[in-house]
Amino acid sequence: MSLEDGAHKDLLEDDYEQYRAIADQARENDDPSKAAKYYRECADVLRQIATLESSDRLSTERENLADNLEQAAAALDQHGSVDSVESDEEATSTSKTGSGGDDRSGSGGGSHRASESDADDDDAPDPDEYLQAPPEMDFDDVGGMTELKESLKDKVIDPLNRPELYREYDLGVVNGVLLYGPPGTGKTYITQALAGRLGYNFIEARAADLTSSLVGESAGNVAELFEVARANQPCLLFIDEIDAIAAQRSGGAQKTMSESQMITQFLTEMSEIKGEEVVVVAATNRPDDIDGAAWRRFDERIEVPPPDPTARAAVLRVHLRNRPVLTESIDWDEIKALTEGYSSSDLEIIAANAARKALKESRDVDEIRRISQEHLESAIDETASSLENWNG
């Protein structure tokens, strides 16, 4: 998945969470019409997310949940009763997905939970599907982030390359790194580059893909993911949205039990990888939501802020370097000013849109037109900052 697709997916998942919260609240307030409207919004967003998933399994799960939500919306419109919908859901809900929390369309009765417990395990996530060969990229492919790259070199790469030296000073290898900051700032991208620099096998998993409302199931998924990482050493395990696994322990009794088991399993796994050639890098947009014990399991906690002016120019240069550009015509000071408040993913989108504009002109005149200042400024003007309405 490209950084552009990843940023798009992040925004869609934020939309899903907002629509889902509104829909669930409307149901609690006995407002079936509003709930139905927002369940349909959720379904539409899930179908868009499905087209961006990296595996057929995840795509199918998104589509299945979208179907369930549309069925719930239809039942709400037809019956106008929350109780009626819960009965319908118990009969029709067949899917769990990684969009977070309880991913059925709002039901939670004991009979429904029991029927899922008896279901076939074929729908459970297969951690082996997440395993990849070492990425074919390095820090040279990452624009900006100079301080972060240097920190990772000093605190992760060098100790792994020279463990004897660090043991001499009673400094161990870093097995856990937490990256936190706004969405779209390049946390996933820099982690892929780190795995490529190390030459480590790479596992990328969104924490929400591993969660389940069933007691004990999420803990098992976490254990299996770490088992795959240990079996494929050296390995870098990247867990996005770690707050979905290691959230502050809260909620009702049933939810608390699931959360507690999942967090306990995660803490155990983090302890057991000490001394192994396994590095866990986790990312979150919500560091304040992470359980304190889980927070302390990470040897390094590093903020990844939006790029500064110099970094913004560097990011754009990286994404323009394999494209025809009128380099001498680019006013980088002006570009830095115009991109104030943009994330790294926004900048990749800008570079791609500027390239499309130049390509369109090339088609029209049947000769190569290089990307110019005008193309970049037009692309910036048409690209909204993903951080504009982000409040952490």
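Residues numbered from 1 in each chain as written. Predicted model: local features only at pLDDT ≥ 70, side-chain atom pairs only at ≥ 80, totals over all residues. Heavy atoms only, no water.

**Remarks on the overall build of the protein**
Looking only at helices and strands, one finds 16 helices and six strands in the protein. Taking all 392 residues of the protein together, 49% fall into the buried category. Put simply, of all contacts in the protein between residues at least 6 apart along the chain, 78% involve residues at least 24 apart. Roughly 18,300 Å² of accessible area belongs to the protein as shown, and the carbon and sulfur atoms make up 43% of that amount. (Helix = DSSP H or I, 4+ residues; strand = E, 2+ residues; numbered from the N terminus. Buried < 20%, exposed > 50% of the residue type's maximum accessible area, 1.4 Å probe, protein only. Contact = heavy atoms within 4.5 Å. Areas by Shrake-Rupley, 256 points an atom, 1.4 Å probe, with all protein chains shown as cover.)

**Points about helix α8 (residues 187-198)**
For an α-helix, 3.6 residues make a turn, and residues three or four places apart therefore share a direction. Helix length check: α8 (12 residues) gives 17 Å between terminal C-alpha atoms against 16 Å at 1.5 Å per residue, within 8%. With 10 of its 12 residues buried, α8 lies for the most part within the structure. Among the residues of α8, those classed as buried are K187, Y189, I190, T191, Q192, A193, L194, A195, G196 and L198. In the stretch just after α8, G199 is the one whose phi turns positive, near 75°. (Expected span 1.5 Å × (residues − 1).)

**Digging into the nonpolar core**
Counting 31 residues, the largest nonpolar core has F226, I239, I242, I245 and F266 as the members making the most contacts within it. Taken together, the elements giving at least two residues each to this core come down to β3 (201-206), α9 (207-210), α10 (217-231), β4 (235-240), α11 (253-272), β5 (278-284) and α12 (292-296). With residues up to four places along the chain from it excluded, the contact list for I245 reads A207, L210, V222, I239, M262, I263 and F266. Counting residues in each nonpolar core, the second largest holds 27 residues, with V156, V177, A193 and L236 among its members. (Core = buried A, V, L, I, M, F, W, Y, C linked by side-chain atoms within 4.5 Å.)

**Some words on the pattern of salt bridges**
If charged atoms from side chains of opposite charge come close, those side chains can pair. Per the stated rule, a full pass over the model turns up 24 salt bridges. Residue E150 pairs with K153 through a salt bridge whose shortest N-O separation is 3.4 Å. Of the two residues, E150 and K153 are both situated in helix α6 (residues 146-161); the distance of three residues between them amounts to about one turn of the helix. Sharing partners across several salt bridges, the network here consists of E13, E53, R62, R206, D240 and E241. (Salt bridge = Lys/Arg side-chain N within 4 Å of Asp/Glu carboxyl O.)

**Some points on a nonpolar patch on the surface**
Together, L165, Y169 and L171 make up a nonpolar patch on the protein surface, roughly 330 Å² of accessible area in all. Its location among the elements puts L165 in helix α7 (residues 163-168). Take L165: its relative accessible area is 38%, and that puts it in the partly exposed class. (Patch = residues over 30% accessible without salt bridge, like charges linked within 9 Å, V, L, I, M, F, W, Y side chains within 5 Å.)

**Examining the packing of helix α13 (residues 309-320) against helix α15 (residues 344-365)**
Packing of α13 against α15 leaves a shortest axis separation of 9 Å and a crossing angle of 45°. Here α15 runs oblique to α13, going by the angle between their axes. As α13 packs across α15, the resulting crossing turns out to be right-handed. When α13 is examined against α15, the residues R312, V315, L316, H319 and L320 are found in contact with a partner set consisting of S344, L347, E348, I350 and A351. (Axes fitted to C-alpha atoms, helices over the stretch in contact; angles between N-to-C directions. Parallel < 35°, antiparallel > 145°, perpendicular 65-115°, else oblique. Left-handed = near helix turned anticlockwise from the far one by under 90°.)

**A short note on the sheet that holds β3**
With mixed pairing, the six strands of this open sheet are ordered in space as β1-β3-β4-β5-β2-β6. The sheet terminates laterally at β1 (131-132) and β6 (300-303), the two strands that pair on one side only. Against the sheet, α8 makes contact with β2 (176-180), β3, β4 and β5, and its axis sits at roughly 175° relative to β4, the strand it touches most. Here α10 sits on the sheet in contact with β3, β4 and β5, set at roughly 155° to β4. (Pairing = 2+ DSSP bridges.)

**Some remarks on the pairing of β6**
Only one face of β6 is covered, namely the face carrying E300 and I302; the face carrying R301 and E303 is uncovered. Here β2 runs beside β6; their pairing, made up of four bridges, is parallel. Bridged to L178 within β6 is R301.

**Description of unusual backbone geometry**
Here Q233 and P234 are connected by a cis peptide whose omega angle stands at -5°. Phi at D170 takes a positive value of approximately 60°, unusual for a residue other than glycine. Of note in this structure, E241 is not a glycine but carries a positive phi near 55°. Tracing the backbone through its elements, the reader meets E241 in the loop between β4 and α11.

**Overview of the packing of helix α2 (residues 32-50) against helix α3 (residues 56-79)**
Packing of α2 against α3 leaves a shortest axis separation of 8 Å and a crossing angle of 165°. Relative to α3, α2 is oriented roughly antiparallel. Of the two possible hands of crossing, α2 and α3 adopt the one that is left-handed. On α3, the residues that touch P32, A35, A36, Y39, R40, C42, A43, L46, R47, I49 and A50 of α2 are S59, R62, E63, L65, A66, D67, L69, E70, A73, A74, L76 and D77. Of the residues that constitute the contact of α2 with α3, the class distribution is 15 nonpolar, one polar and seven charged. (Nonpolar A, V, L, I, M, F, W, Y, C, P; charged D, E, K, R; others polar.)

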